[in-house]
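So you can see what is in the structure, the chains are spelled out below.
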Amino acid sequence: MKALLIDFGSTYTKVTLVNLDPPGLIGTAQAPTTVATDLAEGLQQALDELAPNQLDRVGLTRACSSAAGGLKIVAIGLVPELTVKAAREAAMGAGGRVLAAYAHTLSDQELQEISVIQPDLILLAGGTDGGERRTILENAARLVDCAIEAPVVIAGNKAASDEAADLLQGRVRRVLVTGNVMPEVNVLNVEPARQAIRDLYLQEITKARGLDRIQQRFGLAMPTPLAVMKAGELLQRTLRQDVVLVDVGGATTDIHSFAAGKPARAGCVCKGLPEPFVKRTVEGDLGVRASALSLLNAVGAERLMADLALVDPSLADYGVPDIRDYAAKVFRQKDCLPEDRLEQACEGAMAVACVREALRRHAGWLTESYTPEGCLWVQQGKDLTGITCLVGTGGVLVHAGEPSSLLAAGLNQDDPLVLTPRPPHPGFPPGLKECGAQGLQLYLDRHYMLSAIGLLSEIEPEAARVLLEDDLEALRDALLRKGCHVAGE
Amino acid sequence: MVGQKRTVVLGVIGADVHAVANKILDLSISQAGFKVVNLGVMVSQEEFINAAVESDAGAILISSLYGHGEMDCRGLREKCVEAGIGDILLYAGGNLVVGKRTFDEVGRLFRSMGYNRVYPPGTMPEVAIADLQKDLGL
C-alpha cells in the first residue's frame with residue numbers, strides 16, 4: 001500500500017509519496033501553494049509532477065497545513081513570567097504561532113490589537129488552581145464586550161474556568177475548558193491545552209478557514225509545525241538521545257528541542273518556570289524570504305556580512321556583495337532562488353544568522369550569582385550544550401550545497417553563557433580534532449520530508465521510523481568527504 | 001478546598017542558599033492547614049510577588065540567614081503596591097542583619113520597611129503560624 005502525504009506550506013505545496021510495505025520513499029514533488037484560489041489547484045500541480053502510475057494504489061492520504069500564516073494564536077495570562085509564559089509554551093507546542101501574548105487585565109488597546117490580528121484561536125489562562133480568579137473572569141467578559149468571536153480554550157484557574165466559560169458561551173464560536181497550564185506556581189502543565197488546541201483546529205478552525213473540504217478529501221490532520229514536531233519526537237524515541245531540530249523557513253525559523261535540559265555542570269541552580277521536555281519556539285522575524293528584512297533588523301547587516309565571509313571565505317576574490325540588496329530582492333520575489341555563487345553565499349549567510357539567533361532565543365542561559373558560599377551559576381531555560389543530535393530542515397538548508405557548514409557556523413555563539421548546542425568542534429571549518437564519538441552529530445532532512453514522516457508516525461509508526469532513518473543524512477559523513485580529519489578514525 | 005486567603009508564599013530571599021529552615025517551615029505551615037507555595041532558595045522580590053499574584057496569597061513569608069536580609073528585603077512593600085497586592089501580609093525572619101544591633105532595632109527597621117511581622121533567629125514555626133491565623137482572621 002502507498003501513502004500520499006501532503007504539506008500545504010506558506011510558499012510551496014509539497015507532496016511525498018511513500019510505500020508502506022516495505023517502507024520506502026517513492027518520490028516527492030512541489031508546486032506553489034494556491035492560497036488565493038483553491039488549495040487543491042496547487043496540490044494538483046504538484047501531483048502532476050509525479051508519474052501517473054505512481055499514484056496507483058494510494059491507500060492512505062494525510063495532510064498538514066501552514067498556509068495563510070499558519071495557526072494564529074493569541075495567548076492571555078496573568079503574570080508575564082508565569083501563566084503568560086506557560087500559555088505561550090502550550091500554544092507553540094500545539095504548532096501555533098503566538099502573534100501576541102497579554103498579561104493582567106486586557107486594556108482597550110490590547111483588545112483592539114486582538115481584533116486586528118483576527119486570531120484563529122485564543123488561549124485564555126491566568127491564576128493557579130484555587131488562586132487568583134478575578135483577572136481571567138474580567139478578560140473573558142472583556143472579550144465578549146469587544147465582540148471577539150474566535151474560539152477560546154480556557155486553561156486557567158480551575159476555580160474560575162467554568163464561570164469564564166459561561167460568560168463566553170454562545171458569544172464566541174466555541175469554548176473548550178481544559179487543564180490549567182500552570183496549576184501551581186512553577187508547575188507547567190501544557191499537554192491538556194495542546195490537545196484542546198488540536199481538537200479545535202480539527203473541529204473549528206479548518207472550517208472557518210474554508211479548509212473543511214480539504215480536510216474531508218485529504219485528511220488534514222494538523223498544522224505543519226506539529227507534524228515536524230512529531231517526527232522529532234519519533235527520532236528522540238528511536239535514538240533514546242536528546243534531539244534538537246532546526247527548521248529555517250521563509251517566514252519563520254522554528255526550533256524544537258526534545259530534551260530535559262537540566263544543568264550540565266555542578267553548582268548550578270535552576271530558576272524560572274520549568275521547561276517542557278518537548279519545547280518549540282517560533283521566531284516570526286527570522287526567515288530567508290518573507291522575514292528577510294526583519295532578519296536584517298534583528299541581527300544587523302554587519303553581522304550578516306561577517307557570516308558571509310564565514311560561509312564562503314574565498315568570496316573576497318569575487319567582490320563581496322551587499323547582503324542588504326539580496327535581502328530586499330528575495331523579500332520582493334519570494335519564489336526566487338539564488339542564481340550565482342554570490343547569491344548562494346548571501347542565502348547561506350542568512351540561514352546561518354537564522355540558526356544562530358533562533359537557537360540563542362530557544363536555549364537557556366547562565367548568570368553568575370555571588371553568595372557567601374562563593375560563586376553560583378543560575379540557569380534559566382534549557383541547557384542544550386550536551387546535545388548529541390541536531391537535525392536541520394527547511395528549504396534553504398535542504399537545498400544548500402554545504403548544509404553542514406551552515407549548521408555548524410550557526411552553532412557558534414558569541415556569548416559562552418548561552419546554553420545552545422556546542423559546535424562539533426571549535427573553530428569550524430578547519431580541523432575536526434575535538435569531535436569525538438560523543439560529540440554533536442549533525443543530520444539533514446535530505447528529502448525534506450520530516451512533516452510527512454510526522455503525519456505518518458501517528459498511523460504507521462514503524463514505517464515512519466524506517467523512512468526517518470532513510471531520510472536523515474549524517475552530515476559528518478559529508479564533512480569526511482570534504483577531507484576533514486576526524487580524531488580516532 | 002483551600003480557602004483563598006489560606007495560601008502563603010514562602011522562600012529564602014536574595015543569594016541565600018540555606019534550605020533547612022525553609023523545609024521545616026513548609027512542613028509546619030502546611031500541617032497547620034495552609035496552602036504553601038514554596039519557592040525554595042535564592043528567590044528574588046519579583047518571584048515572591050509573581051507567585052503571590054498568581055496564587056492570590058494572603059501572606060509572603062521571607063527567610064534570610066546570611067545577614068543580607070536588610071538589603072534584600074528593602075523595597076518589597078513598594079513593589080507589592082505597584083503590583084496591586086499592596087495589602088498583602090509580609091513576614092520576615094532569621095538572621096536579618098549584620099552588625100551589633102538589638103532585635104528591637106531590627107524589628108523597628110523592618111516595620112518601617114512595611115513588614116507586618118519580624119522574627120529573630122530561633123523562633124519556632126508555631127509562633128508565626130499563630131500570627132498568620134490571627135492576622136488573616138482565621
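Residues numbered from 1 in each chain as written. Chains lettered and ligands numbered in written order. Predicted model: local features only at pLDDT ≥ 70, side-chain atom pairs only at ≥ 80, totals over all residues.

J.: Is there a simple way to think about the sheet that holds strand E4 (residues 89-94) of chain B in this case?
T.: Backbone-to-backbone hydrogen bonds join strands into a sheet, with any given pair of strands oriented parallel or antiparallel. Residue and element names in this part refer to chain B. With parallel pairing, 5 strands are arranged side by side in an open sheet as E2-E1-E3-E4-E5. Here the strands that pair on one side only, and so sit at the sheet edges, are strand E2 (35-38) and strand E5 (117-119). Adjacent strand axes in the sheet meet at a mean angle of 20° when their direction is disregarded. (Pairing = 2+ DSSP bridges. Helix = DSSP H or I, 4+ residues; strand = E, 2+ residues; numbered from the N terminus. Axes fitted to C-alpha atoms, helices over the stretch in contact; angles between N-to-C directions.)

J.: Explain the interface of chain B and chain A to me, please; I cannot follow it from the model alone.
T.: Bring the parts together and some accessible area is lost; that lost area is often taken as the interface size. In this assembly, 16 residues from chain B lie in contact with 17 residues from chain A. For the side of chain B that touches chain A, the secondary structure elements donating two or more residues are E2 and helix H2 (45-55) of chain B. The leading source of residues in the side of chain B that touches chain A is H2 of chain B, at 5 residues. Here the residues of the side of chain B that touches chain A are counted per class, giving 9 nonpolar, 4 polar and 3 charged. (Contact = placed C-beta atoms within 7 Å. Nonpolar A, V, L, I, M, F, W, Y, C, P; charged D, E, K, R; others polar.)

J.: Quick question: what am I supposed to make of the environment of Val187 of chain A here?
T.: Position of Val187 of chain A among the secondary structure elements: in the loop between strand E9 (175-177) and helix H6 (191-208). A C-alpha to C-alpha distance of 9.4 Å links Val187 of chain A and Glu275 of chain A, two positions 88 residues apart in sequence.

J.: Can you help me understand helix H4 (residues 134-145) of chain A in this one?
T.: Each full turn of the α-helix corresponds to 3.6 residues, which orients residues three or four apart in the same direction. Residue and element names in this part refer to chain A. With 12 residues, H4 ought to run about 16 Å at 1.5 Å a step, and its terminal C-alpha atoms sit 16 Å apart, in line with that. Listed in full, the buried residues belonging to H4 are Thr135, Ile136, Leu137, Asn139, Ala140 and Leu143. Looking at the buried residues of H4, the elements they touch are strand E5 (71-76), strand E7 (121-124) and helix H5 (158-168). At the exit of H4 stands Ala147, carrying a positive phi of roughly 55°. (Expected span 1.5 Å × (residues − 1). Buried ≥ 20, exposed ≤ 12 C-beta atoms within 10 Å, placed from the backbone.)

J.: Whenever I open this one, the domain arrangement of chain A confuses me. Can you help?
T.: All names here are of chain A. Segmenting chain A into domains produces domain 1 (2-68 + 209-218), domain 2 (71-207) and domain 3 (225-481). Each of domain 1 and domain 3 has a C-alpha centre, and these two points are 27 Å apart. Mapped onto the side of domain 1 that touches domain 3, the elements with two or more residues apiece are strand E1 (2-8), strand E2 (12-20), strand E3 (23-32) and strand E4 (58-65). Among the residues making up the side of domain 1 that touches domain 3, the classes are represented as 9 nonpolar, 5 polar and 3 charged. (Domains from an automatic or database assignment.)

J.: Could you clarify how one ought to interpret the nonpolar core in this entry?
T.: Soluble globular proteins: nonpolar side chains tend toward being buried together. The biggest cluster of nonpolar side chains holds 188 residues, and the ones touching the most others in it are Ala87, Leu123, Leu124, Val153, Met350 and Ala351 of chain A together with Val9 of chain B. Examining the composition of this core, we find that 11 residues originate from one element, helix H12 (residues 341-362) of chain A, more than from any other. Those residues within four positions of Val153 of chain A in sequence are excluded, and the remaining contacts are Leu121, Leu123, Leu124, Leu176, Thr178, Ala193, Ala196, Ile197 and Leu200 of chain A. (Core = buried A, V, L, I, M, F, W, Y, C linked by C-beta atoms within 7 Å.)

J.: I would appreciate a short explanation of the sheet that holds strand E12 (residues 253-258) of chain A in the present structure.
T.: Residues and elements named next belong to chain A. In spatial order, the strands read E14-E12-E11-E17-E18-E19; together these 6 strands make up an open sheet with mixed pairing. If you trace the sheet from one side to the other, it starts and ends with strand E14 (278-283) and strand E19 (472-474), each paired once. Averaged over all pairs of adjacent strands, the angle between their axes in this sheet comes to 20°, without regard to strand direction. Strand direction decides the pairing type here: strand E11 (residues 243-248) and strand E17 (residues 389-393), joined by 5 bridges, are parallel. What sits directly across from Val244, in E17, is Leu390. Sitting on the sheet, H12 is in contact with E11, E12 and E14, with an inclination near 50° to E12. Running over the sheet, helix H14 (residues 403-410) touches E17 and strand E18 (441-445) and is turned about 125° from E18.

J.: How do you make sense of the confidence of the model for chain A when you look at a structure like this?
T.: Residue and element names in this part refer to chain A. Summarising the model, chain A shows a mean pLDDT of 90, and 94% of its residues fall at 70 or more. Counting contacts from residues 427-437, a segment whose pLDDT is below 50, to residues more than four positions away or on other chains yields 22 contacts. When the criterion is pLDDT under 50, residues 480-489 qualifies, and its contacts beyond four places in sequence or with other chains add up to 11 contacts. (pLDDT = per-residue confidence, 0-100.)

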